[in-house]
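Report on the structure
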Amino acid sequence: MRIEAVAVSQRAGGDRRTLSDVTLTIEPGQLVAIAGASGAGKTTLLDALAGIRPPAEGSVRYDEPLTFGYVPQDDIIHRELPLARTLAYAARLRLPKGTAAAEIDKSIRDVLDALDLSDRADVAVGSLSGGQRKRASIAVELLTRPRVFFLDEPTSGLDPATAANFMRLLRRLADEGTTVVLTTHNPSDVRHCDAIAFLARDGHLAFYGGLSEALRYFEAAEIGEIYEVLAGGDPQEWGERFANSRSGAPAAAEPLEPAEPADSADPRGVTEQARRAERIGPLRQWLLLTRRNLDILLRNRLTLAILAGSPLMVLVMFAVLFQPGAFDPARPSPSTTVMTLFWIAFGGFFFGLAYGLLQICVEFAILRRERLAGLSIGAYVLAKAAVLLPLLAVADALMLAVLRGLDRLPAGDAATYGRLFVTLVLSSAAALALGLLTSAAVSDPAQAAIALPMLCFPQVLFVGAILPVPVMATAGRVLSYAMSNRWAFEGLGGSIGIEDLWARGGSPLGPPLLASYGDTFSRPVALDWALLGGFTVVFLVTACLVLQQRNRGPRPVSSGIRS
């Protein structure tokens, strides 16, 4: 795979350039490093060469259809699963549909052998060393036999010996014919490379060539001095100096032209776009990801214990908080029944929100790479819901059963409790979808934790339990329509027949409460269900749109000019 960048520029925020007229050629089978200080534009150039973020100006050309592997700084594999199992899921997601199980197993064995990981196949990824995890990320990409590898600071965080071994591995891949392009800020990494692109600030190409030539060009005795020289000069002058130098002239090879379509019978010759088209469709992706999510959940005992233990802890608090017999038709306690129904509704909401908040933000690096490999965003989001919603349904059913057994809820027939269960599950589903949306929108778990109280407080204040909706200020009434928990609270009250209970009871609080709530509990419960279902759909669709925006796949790529 030969890659040619011609006058590539990139911008970020207005007119500020992060790359400035970068021109270079990477020959087939070369190991090339993009070096420079932090903020010099190394990752930006790497993404432009890979087609992940096409340049604002200039073009990137290839001498054949692009099939590539991309390894970001973060791990692109789940740590909970054994290595071989992780690769099995990755293979089924990436390889063409119809690939036989025996062929998948052979591909995994071959990749593990090639990367000296065969003896770690049954070890959980989280138990691997840093260098082994880096190799595991490459193993995921090797499954599709890419022509070129792009790696973003692959030795970052590794000790010197491990980093050297890793670079020798990349050297071996290049010697076997794979073009390898990496970013680095580690001076020792460049010793293994055929060529180094040194970037000055603002993405100016200060030099491109071999290491010995670079030392002569910068009049440096060692690699570290080159960084010091670049830090002390004007970046634009460095770019102009190299552009005017003999070594900065355009590559001697003929400019690349669009190639003829590759033979589709050759799996290494089809375009990345065609390879994505050959992969399994959204439905099978959803089934595969659902299995993987369940596998991850069952292997993470701490997370499973928290998910199962949280509802039990809340149930214990509810049992201590609520008085028994509050729903007794002979002597009901209207204020207690309001608070009981509200906290049951809020419990279903909180479980759903908490379950969803950390599902996506903790695996952005994995999602981004799988998105580049053709993953459907819809399949990804729905697979999360498919695993978590049954757990929420079990928690909701348990909450209703225990509270009824402890006389914190009234006696009722199967139809009544069926309505309560459906209302609660739909409330949890809407909250789960809101949690997934929030997880898709934030950048890390810390932001998700900050968002939790911000999402919960409105669902407490504007639901209509503490202050009935009809007596709220106009702005409060308007806001209440956007609270999914309002419709869960009102649906629970309607399912139990709270108005009849208050009207028939002997408590003097009944009539005033009925007057203050107006027709809150008199609407058909099916309307509350429809609203909760609508919230769920809107939140899930919005989550997909947010992820679509944040994880755009590369534009269709072929050989020839891309601008």
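These numbers come from a predicted model, not from an experiment.

Details of the overall build of the protein chain
- The helix and strand inventory of the protein chain stands at 21 helices and 10 strands.
- Counting all 563 residues of the protein chain, 54% fall into the buried class.
- Put simply, of all contacts in the protein chain between residues at least 6 apart along the chain, 76% involve residues at least 24 apart.
- Element-wise, carbon and sulfur atoms account for 58% of the exposed surface of the protein chain, whose accessible area totals about 23,900 Å².

Regarding a nonpolar patch on the surface
- A cluster of nonpolar side chains, namely Leu461, Ile466, Leu467 and Val471, defines an oily patch on the protein surface of about 360 Å² accessible area.
- Mapped onto the elements of the fold, Ile466 is located in the loop between α16 (445-461) and α17 (474-480).
- Among the residues examined, Ile466 registers a relative accessible area of 53% and is labelled exposed.

A closer look at the pairing of strand β8 (residues 195-200)
- Counting buried positions along β8 yields six of six residues, so the element is predominantly enclosed.
- Where burial is concerned, the two faces of β8 agree: the one with Ala195, Ala197 and Leu199 and the one with Ile196, Phe198 and Ala200 are both buried.
- In terms of strand pairing, strand β3 (residues 31-36) meets β8 through five bridges, oriented parallel. Note on β8: the bridge partner recorded for Ala35 is Phe198.
- As judged from the five bridges shared by β8 and strand β9 (residues 204-209), these two strands associate in the antiparallel manner. Note on β9: the bridge partner recorded for Ile196 is Gly209.

Some remarks on the nonpolar core
- Within the largest apolar cluster, 88 residues are counted, with the highest numbers of intra-cluster contacts made by Leu49, Ile138, Phe150, Leu170, Phe198 and Phe218.
- Sort the elements by how many residues they give to this core and helix α5 (residues 160-175) lands first, with seven residues.
- With sequence-adjacent residues up to four places away left out, Ile138 is seen in contact with Val71, Leu115, Phe149, Leu151, Phe166, Leu170 and Leu173.

Considerations on the pattern of salt bridges
- One pass over the full model with this rule turns up 22 salt bridges.
- Residue Arg299 pairs with Asp295 through a salt bridge whose shortest N-O separation is 2.8 Å. Note that Arg299 and Asp295 are positioned in helix α10 (residues 282-299) at a spacing of four residues, about one turn of the helix.
- Asp407 is the partner of Arg404 in a salt bridge, and the nearest nitrogen-oxygen pair spans 3.7 Å.
- A relative accessible area of 30% places Arg404 in the partly exposed class.
- By relative accessible area, Asp407 is classed as partly exposed at 36%.
- One salt-bridge network, in which partners are shared between bridges, spans Arg2, Glu4, Glu27 and Arg61.

Focus: the packing of helix α15 (residues 414-441) against helix α18 (residues 484-496)
- Put simply, α15 and α18 touch, their axes get as near as 9 Å, and they point 175° apart. Classified by the angle their axes make, α15 and α18 are roughly antiparallel. Only Ser484, Asn485, Ala488, Gly491, Leu492, Ser495 and Ile496 of α18 make contact with α15, whose side of the interface consists of Thr416, Arg419, Leu420, Thr423, Leu424, Ser427 and Ala430.
- Partitioned by chemical class, the residues of the contact of α15 with α18 number six nonpolar, seven polar and one charged.

A word on the side chain of Asp295
- Judged by its relative accessible area of 11%, Asp295 is buried.
- A distance of 3.1 Å separates a polar atom in the side chain of Asp295 from a polar atom in the side chain of Tyr89.
- Sequence-distant contacts of Asp295, defined by excluding residues within four places in its chain, comprise Leu81, Arg85 and Tyr89.

What about the side chain of Gln132?
- Inspection of the secondary structure puts Gln132 in helix α4 (residues 130-142).
- A relative accessible area of 16% places Gln132 in the buried class.
- Apart from residues no more than four positions distant in its own chain, Gln132 is found in contact with Leu117 and Arg120.

Reading guide: rules and limits
Residues numbered from 1 in each chain as written. Predicted model: local features only at pLDDT ≥ 70, side-chain atom pairs only at ≥ 80, totals over all residues. Heavy atoms only, no water. Helix = DSSP H or I, 4+ residues; strand = E, 2+ residues; numbered from the N terminus. Buried < 20%, exposed > 50% of the residue type's maximum accessible area, 1.4 Å probe, protein only. Contact = heavy atoms within 4.5 Å. Areas by Shrake-Rupley, 256 points an atom, 1.4 Å probe, with all protein chains shown as cover. Patch = residues over 30% accessible without salt bridge, like charges linked within 9 Å, V, L, I, M, F, W, Y side chains within 5 Å. Salt bridge = Lys/Arg side-chain N within 4 Å of Asp/Glu carboxyl O. Pairing = 2+ DSSP bridges. Core = buried A, V, L, I, M, F, W, Y, C linked by side-chain atoms within 4.5 Å. Axes fitted to C-alpha atoms, helices over the stretch in contact; angles between N-to-C directions. Parallel < 35°, antiparallel > 145°, perpendicular 65-115°, else oblique. Nonpolar A, V, L, I, M, F, W, Y, C, P; charged D, E, K, R; others polar. Polar contact = N/O pair within 3.5 Å; in protein donor to acceptor, adjacent residues only side chain to side chain.

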